[in-house]
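The chain contents come next:
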Amino acid sequence: MSTRPLGFGEAAAAGVPRCWLVTADGCLAATVRALWPADGGSPAMPGITPRPMDWRVFDNGRAVLEQFFLDPPDLLLVSAALPDMSGVSLIQLVKGENVYRQVATLLALNVTDAPGVAGVDWQGVEADDFMVLPAVPDAGRAPLPLPLATELRARVELALARAGRALDASPLTKLPGNTSIIKFIQGLIDRRMDFALAYADLDNFKAFNDKYGFSRGDEVLMLTARLLATTVREVRGQPAFVGHVGGDDYVFVTPVDQAEDACRRVVGAFDAIVPGFYDADDRARGAIVAHDRQGQVRTFPLMAVSIAVVCNRPAAGFALAHYGEASYRASQVKKLAKDRTGSCYVFDRRQS
């Protein structure tokens, strides 16, 4: 059975999370229906206003497996005891498929299961969270008491948020990825906050990676991430943020009056540390000999960092309209930075 609201297609396009409840527990099913009504109306519980979600309810595990791999949801809320299999087994089957590991999973334990929780090998159970529910008669169809319903809603929200962050983060540097970057910067623009947005990328990284291999290249990328994170963490004031766009491209955000000092420190630290990644002869030469993208042998200088900075200052009359404008302006400024030799930073002077 489904609690899918009318107009689901439009809701899905707007980013409404798709959640599946797998339970034979009428109380748990009633709670989900009360928190997230099928018609998209107000929750049937006072004081609770959860964000819209599309819920489907299944009463056995096999029905889930028949549909899951064709059209997986964003979250599974699974009772530990199901008529045809255990909830743990269902979660293991789902998470065992590597491409579906990002699906958030919550395990609902009955209070009668609680004594066995201490003996569970939680490292082997791939549930992202669990919740212990009170025992109810088999015929129980009333929702959970308000405090437990509130906790259930919070755990669902947190599990979805965690899964989103994990999916978005760079697997190498663990820094926030594109979705988080756009959300953070657009939020600052919408709130008309002053900030400096810096785009940083590494010059001659491909040549280094081609000669020394991916392992050493990854070390440089992780070093750059740590360097940026450390620099921004030491910045005074807010906002402060570091993200990894991908490859050798990063962004960081600082208060406007802290941006130049942060850029200066990043450039200085990068130039002091990076030569140590080269072999002695390349370091002494100040360059490496490698093939370019056209297959021609070329001499490439040591890696450098180029930083392009765009500022948002609404009160001073320099307001960015949206993230796309910030990204476009930064790309134009970055061309100027890339034309220079060695590590450098360039501000968008059109805003000054």
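Residues numbered from 1 in each chain as written. Predicted model: local features only at pLDDT ≥ 70, side-chain atom pairs only at ≥ 80, totals over all residues. Heavy atoms only, no water.

**Student:** Explain the sheet that holds strand E1 (residues 18–22) here, please?
**Tutor:** Either a parallel or an antiparallel arrangement is found when strands of a sheet pair, and the pairing is made through backbone hydrogen bonds. Within the open sheet, the five strands sit side by side as E2-E1-E3-E4-E5. Their pairing is parallel. Strand pairing shows two members of the sheet lacking a second neighbour, strand E2 (54–58) and strand E5 (129–133), which therefore form its edges. Strand-to-strand twist of the sheet, defined as the mean angle between neighbouring strand axes without regard to direction, takes the value 20°. Relative to strand E3 (residues 75–79), E1 runs parallel, the two sharing four bridges. Within the sheet, the bridge partner assigned to Trp-20 lies in E3 and is Leu-76. In the packing of helix H5 (residues 146–168) onto the sheet, the strands contacted are E1, E2, E3, strand E4 (104–110) and E5, and the crossing angle to E5 comes to about 170°. (Pairing = 2+ DSSP bridges. Helix = DSSP H or I, 4+ residues; strand = E, 2+ residues; numbered from the N terminus. Axes fitted to C-alpha atoms, helices over the stretch in contact; angles between N-to-C directions. Contact = heavy atoms within 4.5 Å.)

**Student:** What exactly am I supposed to notice about the pairing of strand E7 (residues 241–246) here?
**Tutor:** As paired strands, E7 and strand E8 (residues 249–254) are joined by five bridges and run antiparallel to one another. Looking across to E8, one finds that Gly-243 is bridged to Val-251. Taking the residues that link successive antiparallel strands as the turn, the E7-E8 hairpin has two residues, and the phi of Gly-247 there is positive, at about 60°.

**Student:** Would you take a moment to explain the side chain of Ser-79 for this structure?
**Tutor:** Topologically, Ser-79 is positioned in strand E3. On the basis of relative accessible area, Ser-79 is assigned to the buried category, the value being 7%. Side-chain polar atoms of Ser-79 contact the side chain of Thr-23, separated by 2.6 Å. Beyond its immediate sequence surroundings of up to four residues, Ser-79 is in contact with Val-22, Thr-23, Asp-25, Leu-28, Gly-87, Leu-107 and Ala-108. (Buried < 20%, exposed > 50% of the residue type's maximum accessible area, 1.4 Å probe, protein only. Polar contact = N/O pair within 3.5 Å; in protein donor to acceptor, adjacent residues only side chain to side chain.)

**Student:** Looking at this structure, how should I read the pattern of salt bridges?
**Tutor:** Oppositely charged side chains can pair when the atoms bearing their charge come close. In this structure the tally under the stated criterion is 18 salt bridges. Between Asp-129 and Arg-155 there is a salt bridge, with its nearest N and O atoms 2.9 Å apart. Within this pair, whereas Asp-129 is found in strand E5, its partner Arg-155 is found in helix H5, the two being separated by 26 residues in sequence. One salt-bridge network, in which partners are shared between bridges, spans Asp-201, Asp-203, Asp-249, Lys-334 and Lys-338. (Salt bridge = Lys/Arg side-chain N within 4 Å of Asp/Glu carboxyl O.)

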